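Letter by letter, the chains look like this.
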Amino acid sequence: GVAMLDRATAVEWIAAAAISAGVWLALELTKWLGARIAAAQGAEHSIVQALPARLIGRSSNTLLLLFALFAGSYVLDLPDAPGRIVNGIASLALLFQVGLWGTDLLSFFAERHTQRVADDPERAIAPGTTYALRFVGSLVLWAVLLLLLLDNLGVEITTLVAGLGIGGIAVALAAQSMLSDLFASLVIVLDRPFVVGDAIVVGDLTGDVERIGVKTTRLRSLSGEELIFPNHDLVDSRIRNYRRMVERRVLFTLGLVYGTTASELERALVIVREAIERQPSARFGRVHFKGFGDSSLDIEAVYHVLDRTYAVYMDTQQALNFEILRRFTDEGFDFAFPSRSVYMHVEGTDEANGSRTVAGPPVGSRGAAED
């Protein structure tokens, strides 16, 4: 203390105190204005408007005081040892404040995501992943800042960095499955192959997406049970998302019995087309006499349901079936069914003259045996 008084005049101390007080008041005023602006804007404003005000408003009072004292110390001619101490304290305060700002920055984006989810439930994509990434980001940030602080204080950190690298590799290998699911969850967040509420098919399993988590995604199957998939399985699988379907294409086939005439078959094609065009939620595609089946004359038709809802599709198909059945019945058309015709040829011998005779014509039995 005596050495410091010998090397620094009273004027220098007064100037240092004045500078420190002025800087501290300026920083506090800036913080107060930032807090007021952040409170007035809220989360609905853009990032450019809300983020700077929020970071200024979240600055630490203690750290601001340390910054002010450090600014005032520049006018003092301090000895080497006290100067290093002041620089060390200033570096610690600066890095700690950067850590607080970085953590608050991650929290800011997490809160904005939560707000978007509240406004639009369909955007509820991996909320757990958001907080997991915030935790991992904060951990990495503070680790880097600690290394910078140690390096600034003159500590050799090369060995420490190498040790952390080896330890990180070991942890990554031990938690390989968990990290795979975590990054798969991040892929789902960025690529958005599905969102909560979508009806998807994974392999031979179908369900509605209820929750997308850090490690697993949960679906509610059509029969009611919960299906749980690891996220990396979903990323590696072929997924059919029915909610993204604009309209549903439907193909069906009808069979009429052999014996139906060409004119009757042409009339049947007209009936099928008219039946499709009468459905308000359907768009006609095509109808053709497809070919000659094993036991039927086949008619193939295609139409599009203009609503992706499965119930609407089934209601349309049911109404179409009733319409075709009524009109085919009125026209006297017979639907074919799988059948087989058996022909019997019986041979006999006339014992009186030794000649061979055929007993009766071939007998046809239509539908006697079903395939």
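Residues numbered from 1 in each chain as written. Predicted model: local features only at pLDDT ≥ 70, side-chain atom pairs only at ≥ 80, totals over all residues. Heavy atoms only, no water.

### Things to note about the overall build of the protein chain
Thinking step 1. Scanning the protein chain from terminus to terminus reveals 11 helices and 12 strands.
Thinking step 2. Within the protein chain, the fraction of its 371 residues that count as buried is 32%.
Thinking step 3. Counted over contacts in the protein chain with a minimum sequence separation of 6, partners at least 24 positions apart contribute 63%.
Thinking step 4. Total accessible area on the protein chain is roughly 22,800 Å²; 62% of this is exposed by carbon and sulfur atoms. (Helix = DSSP H or I, 4+ residues; strand = E, 2+ residues; numbered from the N terminus. Buried < 20%, exposed > 50% of the residue type's maximum accessible area, 1.4 Å probe, protein only. Contact = heavy atoms within 4.5 Å. Areas by Shrake-Rupley, 256 points an atom, 1.4 Å probe, with all protein chains shown as cover.)

### Some remarks on the packing of aromatic side chains
Thinking step 1. All told, the structure shown has 5 aromatic pairs when counted by the stated rule.
Thinking step 2. Arranged with centres 6.1 Å apart and planes meeting at 65°, the rings of Phe252 and Tyr303 form a pair that is edge-to-face. On the criterion of sequence distance, the pair formed by Phe252 in strand 6 (residues 248-256) and Tyr303 in strand 8 (residues 297-305) is long-range, its members being 51 residues apart. For the pair formed by Phe252 and Tyr303, the shared burial category is buried.
Thinking step 3. Here the aromatic cluster, defined as three or more aromatic residues joined through ring pairs, consists of Phe328, Phe333 and Phe335. (Phe/Tyr/Trp six-rings, centres within 6.5 Å; stacked < 30°, edge-to-face > 60°.)

### What to know about the side chain of Arg327
Thinking step 1. Note that Arg327 resides in helix 11 (residues 310-331).
Thinking step 2. Overall, Arg327 belongs to the buried group, its relative accessible area being 15%.
Thinking step 3. In contact with Arg327, not counting residues within four places along its chain, are Arg267, Ile271, Glu274 and Arg278.

### A short note on helix 10 (residues 262-277)
Thinking step 1. Taking 1.5 Å of rise per residue, 16 residues should cover 22 Å, and helix 10 covers 23 Å from first to last C-alpha, within 8% of that figure.
Thinking step 2. When we look at burial in helix 10, the residues that qualify are Leu265, Ala268, Leu269, Ile271, Val272, Ala275 and Ile276. Along helix 10, the residues classed as buried sweep out an arc of 160° about the axis, all on the same side.
Thinking step 3. Close packing links the buried residues of helix 10 with strand 6, strand 7 (282-292), strand 8 and helix 11. (Expected span 1.5 Å × (residues − 1). Arc of directions from axis to C-beta.)

### Topic: the packing of helix 10 against helix 11
Thinking step 1. Two elements in contact, helix 10 and helix 11, have axes whose closest approach is 9 Å; the angle formed by their N-to-C orientations is 150°. Regarding the angle of helix 10 to helix 11, the classification is roughly antiparallel. Considering the relative orientation of helix 10 and helix 11, their crossing is right-handed. Taking contact as the criterion, the partners of Arg267, Ala268, Ile271, Val272, Glu274, Ala275 and Ile276 in helix 10 are, on helix 11, Leu320, Glu323, Ile324, Arg327, Phe328 and Glu331. (Axes fitted to C-alpha atoms, helices over the stretch in contact; angles between N-to-C directions. Parallel < 35°, antiparallel > 145°, perpendicular 65-115°, else oblique. Left-handed = near helix turned anticlockwise from the far one by under 90°.)

### Some thoughts on the sheet that holds strand 6
Backbone hydrogen bonds are what pair the strands of a sheet, in a parallel or an antiparallel way.
Thinking step 1. Strand order in the open sheet formed by 3 strands is 6-8-7, with antiparallel pairing between adjacent strands. If you trace the sheet from one side to the other, it starts and ends with strand 6 and strand 7, each paired once. Taking the axes of each pair of neighbouring strands and ignoring which way they run, one obtains an average angle of 20° across the sheet.
Thinking step 2. As paired strands, strand 7 and strand 8 are joined by 9 bridges and run antiparallel to one another. From the neighbouring strand, Phe284 faces strand 8, where its bridge partner is Tyr303.
Thinking step 3. Relative to the sheet, helix 10 contacts strand 6, strand 7 and strand 8, its axis offset from that of strand 7 by approximately 160°. (Pairing = 2+ DSSP bridges.)

### Regarding the sheet that holds strand 1 (residues 199-202)
Thinking step 1. If you walk across this open sheet you meet the 5 strands as 4-3-2-1-5, and the pairing is antiparallel. Of all strands in the sheet, those bounded by a partner on one side alone are strand 4 (226-230) and strand 5 (239-241). Shown here is a sheet whose adjacent strand axes are inclined to one another by a mean of 40°, direction ignored.
Thinking step 2. In terms of strand pairing, strand 3 (residues 216-221) meets strand 4 through 5 bridges, oriented antiparallel. From the neighbouring strand, Arg220 faces strand 4, where its bridge partner is Glu226.

### Examining the nonpolar core
Thinking step 1. Core analysis: the biggest nonpolar cluster contains 23 residues, and Phe252, Val272, Ile276, Ile299, Tyr303, Ile324 and Phe328 have the highest contact counts within it.
Thinking step 2. Elements with a contribution of two residues or more to this core: strand 6, helix 10, strand 7, strand 8 and helix 11.
Thinking step 3. At 7 residues, the largest contribution of residues to this core is made by helix 10.
Thinking step 4. Aside from chain neighbours lying at most four places away, what touches Phe252 is Val272, Ile276, Ile299, Glu300, Ala301, Tyr303, Leu320 and Ile324.
Thinking step 5. If you look at the next biggest cluster of nonpolar residues, it comprises 10 residues, including Ile188, Leu219, Leu227 and Leu234. (Core = buried A, V, L, I, M, F, W, Y, C linked by side-chain atoms within 4.5 Å.)

### Structural notes on the pairing of strand 4
Thinking step 1. Residues of strand 4 alternate between two faces, with Leu227 and Phe229 buried on one and Glu226, Ile228 and Pro230 left unburied on the opposite face.
Thinking step 2. Between strand 3 and strand 4, which pair antiparallel in sequence order, lie 4 residues; one of them, Gly224, sits at a positive phi of approximately 110°.

### A word on a nonpolar patch on the surface
Thinking step 1. A cluster of nonpolar side chains, namely Phe135, Val136, Leu139, Val140, Val144 and Leu148, defines an oily patch on the protein surface of about 550 Å² accessible area.
Thinking step 2. One can find Leu139 in helix 6 (residues 127-152).
Thinking step 3. Look at Leu139 and you get exposed, because its relative accessible area is 53%. (Patch = residues over 30% accessible without salt bridge, like charges linked within 9 Å, V, L, I, M, F, W, Y side chains within 5 Å. Salt bridge = Lys/Arg side-chain N within 4 Å of Asp/Glu carboxyl O.)

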